[in-house]
Amino acid sequence: MATPIGTRTVSLAACAAVLMAVVAVFLPPVAANEEGDALMALRHSVEDPDGVLSSWDPNLVNPCTWFHVGCNDDNRVDRIELANMRLSGPLPADLGKLEQLQYMEMSDNNLQGPIPPEFGNLTNLISMDLYNNDISGHLPRTLGSLKNLRILRIDHNRLTGPIPWELSGLPNLETVDFSSNDLCGTIPTSGPFENFPLSSFSNNPRLKQGPGAHDAHC
């Protein structure tokens, strides 16, 4: 006897639901979830006395709905706008997973600790503004991978060590400010560093102007 049409319809729907569930198990997480996780790592890493990150809800699939986050036409995070928000605490390495990030605006806070070497994975980054914080440690050499970087402003922090020579290989770097840190060694003189004014390096008592071999062990 033929199966009633209604029964066949229910059976097909049930099979489709099971198939979708199986596929979902084996598919990798969508980019929005990964980027949301990266941003949530920042929220958990910092103190936020004014609650400016309160809209960052891990239950929302798309972080493009969160305040202070910008996205491109593909709903990928391309901007973090957190300047002057009274945030304190370390920068998490997970931010290096934001592959489409172009603008990191986190100046005028009280961010501490080092710049994670994972930030060298932000190969679409155009501008990194981390000035007027309490960031310490060495500048990671991995920043030399940011070939699209145009603006690097990290002045008024507590950075130590040399300026990585790898930064002189950044073809699009137009504006830098390393002033008011505790950097040492010699200022690079090749590539874009030929055009930067000395004021971009001022207030680093142990930083020397060339010529001379680059000192990477100061």
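Residues numbered from 1 in each chain as written. Predicted model: local features only at pLDDT ≥ 70, side-chain atom pairs only at ≥ 80, totals over all residues. Heavy atoms only, no water.

Draft legend 1. Inspection of the side chain of Ser 127 at higher detail. Structurally, the position occupied by Ser 127 is in strand S6 (residues 127–129). Not counting chain neighbours up to four residues away, the residues in contact with Ser 127 comprise Gln 102, Tyr 103, Met 104, Leu 149 and Ile 151. (Helix = DSSP H or I, 4+ residues; strand = E, 2+ residues; numbered from the N terminus. Contact = heavy atoms within 4.5 Å.)

Draft legend 2. Structural context of the environment of Leu 91. Note that Leu 91 resides in the loop between strand S3 (88–90) and strand S4 (103–105). By relative accessible area, Leu 91 is classed as buried at 6%. Setting aside residues up to four positions removed in sequence, Leu 91 forms contacts with Met 106, Leu 111, Gln 112, Pro 114, Pro 116, Phe 119, Leu 130 and Ile 135. (Buried < 20%, exposed > 50% of the residue type's maximum accessible area, 1.4 Å probe, protein only.)

Draft legend 3. Spatial organisation of the packing of aromatic side chains. Under the counting rule described, the total for this entry stands at 5 aromatic pairs. Three or more aromatic residues joined by ring pairs form one cluster here, namely Phe 178, Phe 193, Phe 196 and Phe 201. Positioned above the aromatic ring of Tyr 103 is the side chain of Arg 79, whose terminal nitrogen or guanidinium carbon lies 4.2 Å from the ring centre. (Phe/Tyr/Trp six-rings, centres within 6.5 Å; stacked < 30°, edge-to-face > 60°. Lys NZ or Arg CZ within 6 Å of the ring centre and 35° of its normal.)

Draft legend 4. Quick peek at the sheet that holds strand S11 (residues 182–186). Taken together, the 6 strands give an open sheet; going across it, the order is S3-S5-S7-S9-S11-S12, and neighbouring strands pair in parallel fashion. At either end of the open sheet lies a strand with only one pairing partner, and these are S3 and strand S12 (206–208). Strand-to-strand twist in this sheet, taken as the mean axis angle between neighbours without regard to direction, amounts to 25 degrees. Relative to S12, S11 runs parallel, the two sharing 3 bridges. When the sheet's bridge partners are listed, Gly 185 is paired in S12 with Leu 207. (Pairing = 2+ DSSP bridges. Axes fitted to C-alpha atoms, helices over the stretch in contact; angles between N-to-C directions.)

Draft legend 5. Local environment of the pattern of salt bridges. Across all of its chains, the model carries 10 salt bridges by this definition. Linking Glu 81 and Arg 79 is a salt bridge whose minimum nitrogen-to-oxygen distance equals 3.4 Å. Here Glu 81 falls in the partly exposed class, since its relative accessible area comes to 34%. Residue Glu 166 is joined to Arg 141 by a salt bridge in which the shortest nitrogen-to-oxygen separation is 2.8 Å. Remark: Arg 141 occurs in the loop between strand S7 (134–138) and strand S8 (151–153) and Glu 166 occurs in the loop between strand S9 (158–161) and strand S10 (175–177); sequence separation between them is 25 residues. With relative accessibility at 28%, the residue Glu 166 sits in the partly exposed group. One connected set of salt bridges, linked through shared partners, spans Glu 35, Arg 76 and Glu 99. (Salt bridge = Lys/Arg side-chain N within 4 Å of Asp/Glu carboxyl O.)

Draft legend 6. A look at unusual backbone geometry. At Asn 75, a position not held by glycine, the phi torsion is positive, near 60 degrees. As for its placement among the helices and strands, Asn 75 is situated in the loop between strand S1 (69–71) and strand S2 (77–81). On the basis of relative accessibility, which here comes to 42%, the residue Asn 75 falls in the partly exposed class. A positive phi angle, close to 55 degrees, is found at Asp 108, a residue other than glycine. With respect to the element layout, Asp 108 can be found in the loop between S4 and strand S5 (110–113).

Draft legend 7. Structural detail: the pairing of S11. Most of S11 sits inside the fold, with 4 of its 5 residues counted as buried. Relative to S11, S9 is paired through 2 bridges, and the arrangement is parallel. Residue pairing across strands places Gly 161 opposite Leu 183, the latter belonging to S11.

Draft legend 8. Structural context of the sheet that holds S8. The strand order S1-S2-S4-S6-S8-S10 describes an open sheet built from 6 strands, whose pairing is mixed. The two strands at the open ends of the sheet, each matched to only one other strand, are S1 and S10. Across the sheet, the axes of successive neighbouring strands diverge by a mean angle of 15 degrees, strand direction being ignored. Looking at chain direction, S2 and S4 are connected through 3 bridges and run parallel. Bridge pairing in S4 places Glu 81 opposite Glu 105.

Draft legend 9. Quick look at the pairing of S9. Sheet analysis places S7 next to S9, joined by 3 bridges and oriented parallel. Its bridge partner lying in S9, Ser 136 is registered against Arg 158.

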